[in-house]
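Geometric and topological summary
What follows is the residue order along each chain.
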Amino acid sequence: MSSNIVLMTRRVASAAATDMMHTSRATAPLISSFGNLSINTTTTSAAASIKASNNANNNNQLNYFSSMATTKKTKKQQIVELPPNLKFDPRAKSSPFYGAEKVEESRRKKTKQQLKRKVEGQEAAASVANDAAEDVDTEEDDNEYTDVEEDDDDEDDEADEQRVLYDLSTKADVPRAIPLPQRLHVPIMDFKSGEQVGTFHLSDKTFGCDPVRVDILQRVVVWQRNKKRGKRNAGARTKTISEVSGSGRKVRNQKGGGVARAGHSRPAHWRGGAKAHGPKGNVQDYTTKLNKKVRRMGMRHALSQKLLEGNLVITNDMASETHKTRVLDEMLNRFDVSGKYGVTALMVDDAQAEEGSEDEAFIHGGVNVNLKVASGNLHKVKVQNQIACNVYDMLKYKKLFLSLDAVKALEARLEK
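Every chain is numbered independently, its residues counted from 1 as its sequence is written. Under the rules for a predicted model, residues below a pLDDT of 70 receive no local features and side-chain atom pairs below 80 are neither given nor counted, while totals for whole chains, interfaces and linings still include all residues. The side-chain values count all of the structure's non-hydrogen atoms but skip hydrogen atoms and water molecules.

**What about the overall build of the protein chain?**
Working definition: helices are DSSP H or I runs of at least four residues, strands are E runs of at least two. Numbering for both runs from the N terminus. Secondary structure assignment for the protein chain yields twelve helices and 13 strands. Partly exposed describes any residue whose relative accessible area lies between the buried limit of under 20% and the exposed limit of over 50%, with all areas from a 1.4 Å probe on protein chains only and scaled to the type maximum. Counting every position in the protein chain, which comprises 416 residues, the buried fraction comes to 27%. All accessible areas in this document rest on Shrake-Rupley with a 1.4 Å probe, and a residue is counted as covered only by the protein chains that are shown. Element-wise, carbon and sulfur atoms account for 52% of the exposed surface of the protein chain, whose accessible area totals about 29300 Å².

**Quick look at the sheet that holds strand 3 (residues 165–167)**
Sheet architecture is open: three strands sit in the order 1-3-2, paired in antiparallel fashion. Of all the strands in the sheet, just strand 1 (79–81) and strand 2 (101–103) have a single pairing partner and so form its edges. Sheet twist, expressed as the average angle between the axes of neighbouring strands with direction ignored, equals 40°. The pairing criterion for strands is at least two bridges between them, as found by DSSP. Here strand 1 pairs with strand 3 via three bridges, running antiparallel. Every angle, taken between N-to-C directions, lies between 0 and 180 degrees, and every axis is a line fitted to C-alpha atoms, over only the stretch in contact when it is a helix.

**Some remarks on helix 9 (residues 325–333)**
Turning to helix 9, its buried residues number three or more, namely Leu-328, Met-331 and Leu-332. The buried residues of helix 9 occupy an angular sector of 95° when the element is viewed end-on, so they sit on one face. What makes two residues a contact is simply this: any of their non-hydrogen atoms within 4.5 Å. Buried residues along helix 9 sit against strand 9 (345–349), helix 10 (369–374) and strand 12 (381–385). Here the arc refers to the directions that run from the helix axis out to each C-beta atom.

**Regarding unusual backbone geometry**
Residues Leu-180 and Pro-181 are joined by a peptide bond in cis, for which omega reads 0°. Turning to its location among the elements, Pro-181 is positioned in the loop between strand 3 and strand 4 (185–189). One non-glycine residue, His-277, adopts positive backbone phi at about 55°. Note on His-277: relative accessible area 82%, which makes it exposed. In the Ramachandran plot, Asp-336 falls in the positive-phi region, its phi being about 60° despite a non-glycine side chain. Inspection of the secondary structure puts Asp-336 in the loop between helix 9 and strand 9.

**A short note on the nonpolar core**
By nonpolar core we mean a set of buried residues, namely Ala, Val, Leu, Ile, Met, Phe, Trp, Tyr and Cys, connected to one another through side-chain atoms within 4.5 Å. One finds Leu-202, Phe-207, Leu-303, Leu-312, Met-394, Leu-400 and Leu-402 to be the most contacted residues of the largest nonpolar core, which totals 33 residues. Counting only elements with at least two residues in this core, the list comes to strand 4, helix 7 (214–229), helix 8 (292–309), strand 8 (312–315), strand 9, helix 11 (391–396), strand 13 (399–403) and helix 12 (404–414). Residues in contact with Leu-312, not counting those within four places in the same chain, are Leu-202, Phe-207, Lys-306, Leu-307, Leu-400 and Leu-402. One finds Phe-191, Leu-332, Val-337 and Ala-345 within the second-largest nonpolar core, a separate group that totals 18 residues.

**Quick notes on helix 8**
The length a helix should cover is 1.5 Å for every residue beyond the first. Helix length check: helix 8, at 18 residues, gives a terminal C-alpha distance of 26 Å against a target of 26 Å (1.5 Å per residue), a fit within 8%. Taken together, the buried positions of helix 8 are occupied by Val-294, Gly-298, Met-299, Arg-300, His-301, Ala-302, Leu-303, Ser-304, Lys-306 and Leu-307. Of the residues flanking the end of helix 8, it is Gly-310, one or two places downstream, whose phi is positive at about 85°.

**Quick look at the packing of aromatic side chains**
For this analysis, a ring pair means two rings from Phe, Tyr or Trp (six-membered ring only for Trp) whose centres lie within 6.5 Å, classed as stacked if their planes differ by under 30 degrees, edge-to-face if by over 60, and tilted for the remaining angles. The full count for this structure, using the stated rule, is two aromatic pairs. Residues Phe-97 and Tyr-166 carry aromatic rings whose centres are separated by 5.1 Å and whose planes lie at 35° to one another, so their mutual orientation is tilted. Here Phe-97 is found in the loop between strand 1 and strand 2, whereas its partner Tyr-166 is found in strand 3, with 69 residues between them in sequence. For the pair formed by Phe-97 and Tyr-166, the shared burial category is buried. Geometrically, a charge over a ring is one whose NZ (Lys) or CZ (Arg) sits within 6 Å of the ring centre while staying within 35 degrees of the ring normal. Across from the ring centre of Tyr-286, 3.6 Å away, lies the NZ or CZ of Arg-229, which sits over that ring.

**So, a positive patch on the surface**
In this analysis, a patch consists of residues with relative accessible area above 30% that form no salt bridge, clustered at 9 Å for like charges and at 5 Å for the nonpolar side chains Val, Leu, Ile, Met, Phe, Trp and Tyr. For this analysis, a salt bridge means a side-chain nitrogen from Lys or Arg found within 4 Å of a carboxyl oxygen belonging to Asp or Glu. Charged residues are defined narrowly, with Lys and Arg counted positive, Asp and Glu counted negative, and His plus the chain ends left uncounted. A charge is said to be at NZ when it belongs to Lys, at CZ for Arg, at CG for Asp and at CD for Glu. A cluster of like positive charges, contributed by Lys-250, Arg-252, Lys-255 and Arg-261, occupies part of the molecular surface. Inspection of the secondary structure puts Arg-261 in the loop between strand 6 (231–232) and strand 7 (284–285). We classify Arg-261 as exposed; its relative accessible area is 68%.

**Topic: the packing of helix 7 against helix 8**
It is at 9 Å that the axes of helix 7 and helix 8 come closest, and there the two elements cross at 120°. With respect to each other, helix 7 and helix 8 are oriented oblique. In this structure, the crossing between helix 7 and helix 8 has a hand that is left-handed. Contact with helix 7, carried on its side by Ile-216, Leu-217, Arg-219, Val-220 and Trp-223, involves Val-294, Arg-295, Met-297, Gly-298, His-301 and Ala-302 of helix 8 and no other residues of that element. Any angle that is under 35 degrees is reported as roughly parallel, and any over 145 degrees as roughly antiparallel; angles of 65 to 115 degrees are reported as roughly perpendicular and all others as oblique. Crossings are classed by handedness, with left-handed meaning an anticlockwise turn of the near helix from the far one by less than a right angle and right-handed meaning a clockwise turn.

Given below as structure tokens:
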């Protein structure tokens, strides 16, 4: 910016010097008669004018650039009226006015009264000047007319007071997702203190699926739930009428007994009778088939969705020094998890201990034993190994905690 200002200053100075040369040539005969004194005065005045013009240009340019630097974009008000025929609470999240501030509309009653007084004063002055002798009937008609106008103004004021206005420019901005590939560069959080201890770059093949395939997630969830339902009633079988023990003779007379007619003694609604529409001994198989590649794709898209939402937390480890639930709850509160108002969380780890080390006694199934025991009484938290990590649990729980070991294991398993 300084180089541009200097360049513009030189151009202005050269232009001013050229103008002074032309004026000096034109007034040379007149100046020569006054001697050297007048010439020196002319040159000094020219230099002073050039210096003043340069200072003015510099000040204008500095003011222009400073105004550009300090100018801030302000939101314009977007006043919208709440229709009276809509019956919903503006505080609900589904409302289009959620988060917008209510605007108190200035009532027009005072303004209308002032205008009315002004008009009455003008009419009174005109009536005194022009119509000095008015009839009494005319005055009564005017009074009735003004009364009608007052009633109309009161109705308009009531209608204005009933209006409910909201300023949509005060609504909070919708959070936007970080674009790829910057989204893959995530911080590493300390599980015990909740502070950032480093950064980590995730794999774009596992965590960078864009766009997220919702249809794939739905297929994997349906397959997983059907698999959990599994096979039922294996070997269950009930007897029909032909198989139930009992005679086929008619129990009583068709008519005259005052009771319902009956044939044999083995109907389904009688005690000791057959079972209507019972199982026939067939196995009820609810499982469905889904290719392994599609299941892996579902895992990748579920992980990408958690990263896209901002609900993915990468930790250095998931070791807990004690099995006390209170200590784990305090650690999770730093991440807004658990507690009375906290969100749910799925914690995935892949802890490994060397043979003969002290940590071997505290690790079982790839999970820290103290962490598993402490989370038993927290119904909003679920702890599992990365092998058991699945799409259904990731979509069910709000936040996903992954240790560095779990991230590496998932990337190696899902990128085959």
